[in-house]
Amino acid sequence: ATYLFCATLPSTKTTPLTIIEWNTLVTSLANHNSYPEVLLHLSEEELSNILSNSTKAQKERIIKKVLARKQLGIAMVELEEIANQGFNVVFRSHMPKRLKRLELKLRPAFYYSVGDLNILNSEHTLGVVGSRDAKQEELAQVYEICKQAAHHNIVVISGGAAGVDSTATNAALENGGRAVIFPSVGIGSLIKNKAMRNYIQNGQLLILSTQPIHATFTGKYAMERNKFIHSTGDTVLVGASQISGAKSSGTWEGVLENIRAKWSPLYTVGQSIGVLELLKTNKAKEYGLLFTNTNR
């Protein structure tokens, strides 16, 4: 039921519920001691009564979407196809605690995943964010830190992009550690890489995305998925960052979101303009010898 009403289904023109709409709906259902599966059987009138505390406009949008999606059997077929291809769909009830650090209004109804979900149940995690155009000395520092993370059984979490992200992931995996990637594309494109498939099969790599399996890059989602990295890391390393001006910086906007939400403490390497600003305003600390204290 969750997948039917929340997934982007390419085989239909119907629109999925947004996270806000889904949260409104499941909260209303919970208030009536009901679960999402009852939506498959409710009449329009019954659904309207359940949504009695919603605004008129919100109620109309939700009912319209639910009624349109109820007619589809496509979602069930797609779920079966996804499973046959080796992918999984992780719903809220089965999400590891780290994925539930996001407050409900930001938490996705589900993630597409491939790899061992238990990686996120590890005792320690390190989120890594940074620019695609980081300097070589910054990348070298990031690699060494994530190599040490692997040796201390600390899971490295990143967005998988070129530059700092891929350096962090490679350092962890190449040194026998484990990593989690929240890519800005669907997870289908990443497993075309033979090395990625091997790391997944070895139990070292987990990939999660809320985008459809074969979705291509969008700047909007690249920004949205920053919160997944920052909220699942016990600590977040900023490898390099610009500061948003006329042109937004994905790394910087994600860092600011973390600071506002207080998801995890920030540490830095290098001398990029964003890093210097974080240190100047006491929003982050220099990374230093963090691994001398594995309780962090």
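Computed from a predicted model, the values in this text were never measured in an experiment.

What counts, and at which threshold
- Residues numbered from 1 in each chain as written.
- Predicted model: local features only at pLDDT ≥ 70, side-chain atom pairs only at ≥ 80, totals over all residues.
- Heavy atoms only, no water.
- Phe/Tyr/Trp six-rings, centres within 6.5 Å; stacked < 30°, edge-to-face > 60°.
- Helix = DSSP H or I, 4+ residues; strand = E, 2+ residues; numbered from the N terminus.
- Buried < 20%, exposed > 50% of the residue type's maximum accessible area, 1.4 Å probe, protein only.
- Contact = heavy atoms within 4.5 Å.
- Pairing = 2+ DSSP bridges.
- Polar contact = N/O pair within 3.5 Å; in protein donor to acceptor, adjacent residues only side chain to side chain.

A.B. asks: Mind showing me how you'd approach the packing of aromatic side chains here?
C.D. replies: In this description, a pair of aromatic rings is defined by centroid distance and the angle of the planes. Considering all chains together, one arrives at eight aromatic pairs under this definition. With a centroid separation of 5.2 Å and an interplanar angle of 45°, the aromatic rings of Tyr3 and Phe110 are classed as tilted. Taken together, the residues Tyr3 in helix α1 (residues 2–6) and Phe110 in strand β2 (residues 110–115) connect sequence positions 107 residues apart. For Tyr3, a relative accessible area of 1% translates into the label buried.

A.B. asks: For this particular structure, what's the right way to read unusual backbone geometry?
C.D. replies: Trans peptide bonds make up the majority, and among non-glycine residues the majority have a negative phi. Within the chain, Asn153 stands out as a residue other than glycine whose phi angle is a positive 60°. For Asn153, the position within the fold is in the loop between α6 (136–151) and β4 (155–158).

A.B. asks: So what exactly am I meant to see when it comes to the side chain of Ser264 here?
C.D. replies: Residue placement: Ser264 occurs in the loop between α12 (250–261) and β8 (266–268). Those residues in contact with Ser264, other than ones at most four positions away along the chain, are His230, Gly233, Asp234, Thr235, Val236 and Asn258.

A.B. asks: Hey, could you run me through the sheet that holds strand β3 (residues 125–129) in this one?
C.D. replies: Strands pair in a sheet through their backbones, by hydrogen bonds, and they do so in one of two ways: parallel or antiparallel. Sheet architecture is open: nine strands sit in the order β1-β2-β6-β5-β4-β3-β7-β8-β9, paired in mixed fashion. The strands lining the two open edges of the sheet, one partner per strand, are β1 (88–91) and β9 (285–286). Strand direction decides the pairing type here: β1 and β2, joined by four bridges, are antiparallel. When the sheet's bridge partners are listed, Phe91 is paired in β2 with Phe110.

A.B. asks: So what exactly am I meant to see when it comes to helix α9 (residues 194–201) here?
C.D. replies: Counting along an α-helix, one turn takes 3.6 residues, and residues three or four places apart therefore face a common direction. Where α9 begins, one side-chain oxygen reaches toward the backbone nitrogen of Ala195, 2.9 Å away; that side chain belongs to Asn193. Following α9 by one or two positions, Gly203 has its phi on the positive side, about 80°.

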